[in-house]
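Chain residues, written in single-letter form:
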Amino acid sequence: MSWSSEDEERLRRSLHDEASRVVPDSDALERIRERTRRLPWWRRPFAWSLATATAVAALTVAVGVTLNLDGNMQPDRAAITDELDSTGQESGEESGDESDETAGDDTIASSPPSGESSDVPDDVPRADASVIMTVPAYFLTETPAGHRLAREFRGVPDRDDAAEAALAVMFAGPVDPDYTTPWDPETEFSVTETDDAIEVALTVPEDGDPVPEELGELAVHQLVYTVQAALQRTDPVHILLDGRPADELWGVDVSDGVTRAPQLEVRQLVQINDPTEGMAVSSPVGIGGEAALFEATYQWRIEQNGVVVDEGFGQTEAGQRFSPFSFEVDLDPGEYEVIVTATDPSGGEGPGPMSDSRTFTVTE
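Basis of the calculations
- Residues numbered from 1 in each chain as written.
- Predicted model: local features only at pLDDT ≥ 70, side-chain atom pairs only at ≥ 80, totals over all residues.
- Heavy atoms only, no water.
- Helix = DSSP H or I, 4+ residues; strand = E, 2+ residues; numbered from the N terminus.
- Buried < 20%, exposed > 50% of the residue type's maximum accessible area, 1.4 Å probe, protein only.
- Contact = heavy atoms within 4.5 Å.
- Areas by Shrake-Rupley, 256 points an atom, 1.4 Å probe, with all protein chains shown as cover.
- Pairing = 2+ DSSP bridges.
- Axes fitted to C-alpha atoms, helices over the stretch in contact; angles between N-to-C directions.
- pLDDT = per-residue confidence, 0-100.
- Core = buried A, V, L, I, M, F, W, Y, C linked by side-chain atoms within 4.5 Å.

**Q** Explanation requested: the overall build of the chain in the structure shown.
**A** Each helix and strand in the chain was counted, giving seven helices and 17 strands. Here the chain holds 364 residues, and 47% of them are scored as buried. Of the contacts formed within the chain by residues at least 6 apart in sequence, a portion of 66% connects residues at least 24 apart. Summed over its atoms, the accessible surface of the chain is roughly 18,400 Å², and 47% of this surface lies on carbon and sulfur atoms.

**Q** Would you take a moment to explain the environment of Ile339 for this structure?
**A** Relative to the helices and strands, Ile339 is located in strand β16 (residues 334-342). Look at Ile339 and you get buried, because its relative accessible area is 8%.

**Q** Explanation requested: the sheet that holds strand β3 (residues 179-180) in the structure shown.
**A** Two orientations exist for strands paired in a sheet by backbone hydrogen bonds: parallel and antiparallel. Overall, antiparallel pairing links the three strands, which are arranged β2-β1-β3 in an open sheet. The sheet is open, and its two edges are formed by β2 (146-157) and β3, each paired on a single side. Pairing between strand β1 (residues 132-143) and β3: two bridges, direction antiparallel. When the bridges of β3 are listed, Leu140 appears paired with Thr180. The sheet strands contacting helix α5 (residues 162-172) are β1 and β2, and the helix crosses β1 at an angle near 40 degrees. Along the sheet, helix α6 (residues 216-231) makes contact with β1 and β2, crossing β1 at roughly 155 degrees.

**Q** Would you mind going over the confidence of the model for the chain with me for this structure?
**A** One rule of thumb: low pLDDT means the predicted coordinates there are not for detailed reading. The pLDDT averaged across the chain works out to 74; a share of 62% of its residues lies at or above 70. Note on residues 106-111: pLDDT under 50 across the span, and 20 contacts to partners over four residues away in sequence or across chains. Across residues 115-131, confidence stays below pLDDT 50; counting only partners more than four residues off in sequence or on other chains, it has 23 contacts.

**Q** Is there a simple way to explain the nonpolar core in this structure?
**A** Considering soluble globular proteins, one finds that nonpolar side chains tend to be buried as a cluster. If you look at the biggest cluster of nonpolar residues, it comprises 44 residues, and the most contacted ones within it are Trp183, Val200, Val220, Leu223 and Val227. Of all elements in the fold, only β1, β2, α5, β5 (198-203), α6 and β6 (237-241) reach the threshold of two or more residues within this core. The biggest single contributor to this core is α6, with 10 residues. In this view, Val220 contacts Ile239, Leu249, Trp250, Val252, Val254 and Val258; residues no more than four positions away in its chain are not counted. In terms of nonpolar packing, the next biggest core, distinct from the first, is built from 21 residues, Val285, Leu293, Tyr298 and Ile302 among them.

In structure tokens form, the structure reads like this:
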């Protein structure tokens, strides 16, 4: 096919018209700068990708192929949980956060995994079935980038205080065998809220094992994330030891209160929320969670007795920030494991992609 001068002029006008319609968010440049300052080179969202997406969209229109790129250029902010705090305001407006990566990601805690909102978990006494609530608790898990925070939603007897219920779960330990906690399960605690801070009083057993130095900072953020998630607040957490304000905990300076570390620095980048570990479900099985992924792409597989029975790819609603994902799989009755893995944009040069997994049983 040969191009005439008229064809070139039509293409030029199409490119110009399409590019003129793209209006990035007013804070897009600052968000890009913030992420590239914090992330290692193999996970950096390059600034030129915005211009590339614009050119691709324009060329697509010119050749008559329809692709919906609006979701990448103008993401639905209401669907991105890590951009909003519990009041519905953009992060940083009142809490003082420097970027959307530090915002209240746990607004999703108000919508617990489907099996826990109505079914009573096995570890909850049946006498307390009328006072069940679901709380988020954070734990540690090993990833190719070292230890990171991972979350479980758990049904607990109502203790009249979501933060204390969540901490009780955190200290007791995880259900998922891939998660751990360095905290002593005999730690005593209480939580007090003020207008601009959260106070956590701890009594750590004297004869207990201390948290390893290399895990000290992450253990502190484990507590901070758990309390803030349960309370739907991002205010600083002030820690008391044996009734007195603490200056240091596990080698970490906590004297001025602790604000949560940026999510991309401390959370595992793929998090399955539903199903929860060991849940009994019916087919088709809904798999859901959130992830912060390069180009928003993940891969999944379903295994039974170590054999892959189904697999595929999917996309989160937005890339390079925590954003929801979901898919459904038809399965016969039996026990299965789902593994969701980030794609590896480094071509093997980085530490490797992060993943999360859950075991579950299909009953019918």
